[in-house]
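Below, each chain spelled out in residue letters.
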Amino acid sequence: MLRSISEVRHTSLATRRCCPVKSRAALHEAVFVKHDTNPSKFFDVTLLTPREERSIRVASDQHIWDAAFEQGVELPALCHQGWCLTCAGRIEGQGEVDQADSLAFFPQDREAGFGLLCTGRPCSDLTIRTHQAVEMRKHRLKDGLPSPYSQGLKP
Amino acid sequence: MPKERVVKPGDVTQRVGVEVIRARGVDVEKLIRMLIANAAAEFASTYYYYTILRMHLAGHEDYKEICEDARLEDRAHFELIVPRIYELGGDLPNDLPAFHDQAGCRAAKLPDPPTAVNILILLLESERCAIRSWIAICDMTFGKDPRTYDMAARILNEEIEHEAWFIELLAFERDGKSVPSGHFRRGEPGHAPYSKNASFYIGS
Ligand code: FES
Ligand SMILES: [Fe+2]
Ligand SMILES: [Fe+2]
């Protein structure tokens, strides 16, 4: 079934979050206007990549992918918009990620423990298993949700 | 010399054109998946350009002209990709919603409210996603699959131009600034100087 973007967006915004809600205008502002915000908090994020385990510090107003990049950890990404699922990770144990900046993120994604690191902000200390694109695509297929780059994948 | 599986004479179940690139290290199944995602994004973007351009940029005739070029070029991109998908042994999903849901970039649906600034932001981000998607195909095929690489590079050329156009228009419309794109007028609507093979088009 075709879903309208507003529905997707609505779903995304409707999901539980720990950080302040960002309006669409605020999202555009974040993309286009250099704004001064004092990050109030930093979190410790442990990244479990296929090659190594790395710990990084991420500000509460920073995307996890960007912080990893700045601290020398290169993670997969393609759209950088929270759509394509290339940057998907899975949260291990407790922890919260704010996905309000993602173009599409569903309650089922959160329930299954997935996160989109390109547009995800930490709300707590986290441990994230990276390189979960294929798994997240299969999960989306299983739930009948849009799954970019999934041709030929079985749920 | 890379070793490829030998295709038996008369065998129509395998393709030398595929085996030679597989032997050079291309993950053909992944490439097909990426081409289908890009084809879906081009298809959807062509469709949404109709709604955005035709219905909601009244009074911005210059923007309409630029959008028209971008729309026709996205259509040319779609038509350039499809044959390559089939040559590689893939095919398009028979189900249009299934195709739509695989797109690598968000559909450029009309923003709310549909102001020129909001439309230009949407189109700019859509072109940026296209650039990232096509350079990923270039990276994957460089030095291994010259045919797909050539196609992706030609599309990428136009996506980079599209981004520059929308930066110029948005900077002017929203910020009152001049950020030139270096744009020259296309030969005619739908010219697509990189992604159309002009000799294939009678009269063009
Ligand atoms: S890079 Fe596309 S969703 Fe994160
Ligand atoms: Fe395109
Ligand atoms: Fe484009």
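Residues numbered from 1 in each chain as written. Chains lettered and ligands numbered in written order. Predicted model: local features only at pLDDT ≥ 70, side-chain atom pairs only at ≥ 80, totals over all residues. Heavy atoms only, no water.

**Some remarks on the coordination of the iron ion (ligand 3)**
All names here are of chain B.
Part 1: Protein-derived ligands of the iron ion (ligand 3) are Glu127 (OE), Glu159 (OE) and His162 (ND1), with the metal-ligand distances lying across 2.1 to 2.3 Å.
Part 2: Each donor residue of the iron ion (ligand 3) belongs to the same chain, with the gaps between them written as E-x31-E-x2-H.
Part 3: In this structure, the iron ion (ligand 3) lies 3.5 Å away from the iron ion (ligand 2), the two metals sharing glutamate 159 as a donor. Taken as a pair, glutamate 127 in helix 5 (residues 116-141) and glutamate 159 in helix 6 (residues 146-175) lie far apart in primary sequence, 32 residues in all. (Donors = N, O, S within 2.8 Å, 3.2 Å for Na, K, Ca; no water. Helix = DSSP H or I, 4+ residues; strand = E, 2+ residues; numbered from the N terminus.)

**Overview of unusual backbone geometry**
Part 1: Looking along the chain, the bond that leaves aspartate 112 of chain B and enters proline 113 of chain B is cis, with omega of 0°.
Part 2: Summarising the element assignment, proline 113 of chain B is placed in the loop between helix 4 (96-100) and helix 5.
Part 3: The backbone of tyrosine 149 of chain A sits at a positive phi, close to 60°, despite the residue not being glycine.
Part 4: Within the secondary structure, tyrosine 149 of chain A is located in the segment after helix 5 (133-142).

**Details of the interface of chain A and chain B**
By a frequent convention, interface size equals the accessible area lost on bringing the separate parts together.
Part 1: Between chain A and chain B, the contact holds 23 residues from the first and 30 residues from the second.
Part 2: Both faces considered, chain A and chain B share a buried interface measuring about 2,300 Å² in area, 57% of it formed by carbon and sulfur atoms.
Part 3: On inspection of chain A and its partner chain B, the count reaches seven residue pairs in polar contact (both at pLDDT 80 or more).
Part 4: The dominant element in the side of chain A that touches chain B, judged by the number of residues it contributes, is helix 2 (residues 24-32) of chain A, at four residues.
Part 5: Per-class residue counts for the side of chain A that touches chain B are 14 nonpolar, seven polar and two charged. (Contact = heavy atoms within 4.5 Å. Buried area = accessible area lost by both parts, 1.4 Å probe. Polar contact = N/O pair within 3.5 Å; in protein donor to acceptor, adjacent residues only side chain to side chain. Nonpolar A, V, L, I, M, F, W, Y, C, P; charged D, E, K, R; others polar.)

**Concerning the coordination of the iron ion (ligand 2)**
Residues and elements named next belong to chain B.
Part 1: Distances from the iron ion (ligand 2) to its protein donors, Glu42 (OE), Glu42 (OE), Asp74 (OD), His77 (ND1) and Glu159 (OE), fall within 2.0 to 2.6 Å.
Part 2: Donor residues binding the iron ion (ligand 2) come from one chain and are separated in sequence as E-x31-D-x2-H-x81-E.
Part 3: The class of glutamate 42 is buried, set by a relative accessible area of 4%.
Part 4: By relative accessible area, aspartate 74 is classed as buried at 2%. (Buried < 20%, exposed > 50% of the residue type's maximum accessible area, 1.4 Å probe, protein only.)

**Digging into the packing of aromatic side chains**
All names here are of chain B.
Part 1: A full pass over the atoms with the stated rule returns six aromatic pairs over all chains.
Part 2: Taken together, the ring pairs connect Phe43, Phe78 and Phe99 into an aromatic cluster.
Part 3: In this structure, arginine 71 is placed above the aromatic ring of tyrosine 50, and the distance from its NZ or CZ to the ring centre is 4.2 Å. (Phe/Tyr/Trp six-rings, centres within 6.5 Å; stacked < 30°, edge-to-face > 60°. Lys NZ or Arg CZ within 6 Å of the ring centre and 35° of its normal.)

**Side note on the pattern of salt bridges**
Part 1: Following the criterion strictly, the structure yields 18 salt bridges over all chains and no others.
Part 2: One salt bridge in this structure joins aspartate 44 of chain A and arginine 57 of chain A, with 3.3 Å as the shortest N-O distance. Of this pair, aspartate 44 of chain A sits in strand 1 (residues 42-48) while arginine 57 of chain A sits in strand 2 (residues 53-59), placing them 13 residues apart in sequence.
Part 3: On the basis of relative accessible area, aspartate 44 of chain A is assigned to the partly exposed category, the value being 39%.
Part 4: Overall, arginine 57 of chain A belongs to the partly exposed group, its relative accessible area being 43%.
Part 5: As a salt-bridge pair, glutamate 61 of chain B and lysine 64 of chain B come within 3.6 Å of each other at their nearest N and O atoms. Here glutamate 61 of chain B pairs with lysine 64 of chain B, and both are found in helix 3 (residues 61-87), just three residues apart, close to one helical turn.
Part 6: Residue class for glutamate 61 of chain B comes out partly exposed when judged on its relative accessible area of 46%. (Salt bridge = Lys/Arg side-chain N within 4 Å of Asp/Glu carboxyl O.)

**Things to note about the confidence of the model for chain A**
Part 1: Mean pLDDT over chain A stands at 82; residues scoring 70 or higher make up 75%.
Part 2: Predicted confidence for residues 1-16 of chain A stays below pLDDT 50, and this span has 37 contacts to residues more than four positions away or in other chains. (pLDDT = per-residue confidence, 0-100.)

**Some points on the sheet that holds strand 5 (residues 114-116) of chain A**
All names here are of chain A.
Part 1: Pairing in this open sheet of five strands is mixed, and the strands run 2-1-7-3-5 from one edge to the other. In this open sheet, the two edge strands, each paired with only one partner strand, are strand 2 and strand 5. Each neighbouring strand pair of the sheet contributes to a mean axis angle of 35°, computed without reference to strand direction.
Part 2: The sheet contact formed by strand 1 and strand 2 spans seven bridges and is antiparallel. Bridged to threonine 46 within strand 2 is serine 55. (Pairing = 2+ DSSP bridges. Axes fitted to C-alpha atoms, helices over the stretch in contact; angles between N-to-C directions.)

**Thoughts on the packing of helix 3 of chain B against helix 6 of chain B**
Residue and element names in this part refer to chain B.
Part 1: Two elements in contact, helix 3 and helix 6, have axes whose closest approach is 11 Å; the angle formed by their N-to-C orientations is 160°. By the angle between their axes, helix 3 is roughly antiparallel relative to helix 6. Considering only the axes of helix 3 and helix 6, their crossing is left-handed.
Part 2: The residue inventory of the contact of helix 3 with helix 6, partitioned by class, reads 12 nonpolar, three polar and 10 charged. (Parallel < 35°, antiparallel > 145°, perpendicular 65-115°, else oblique. Left-handed = near helix turned anticlockwise from the far one by under 90°.)

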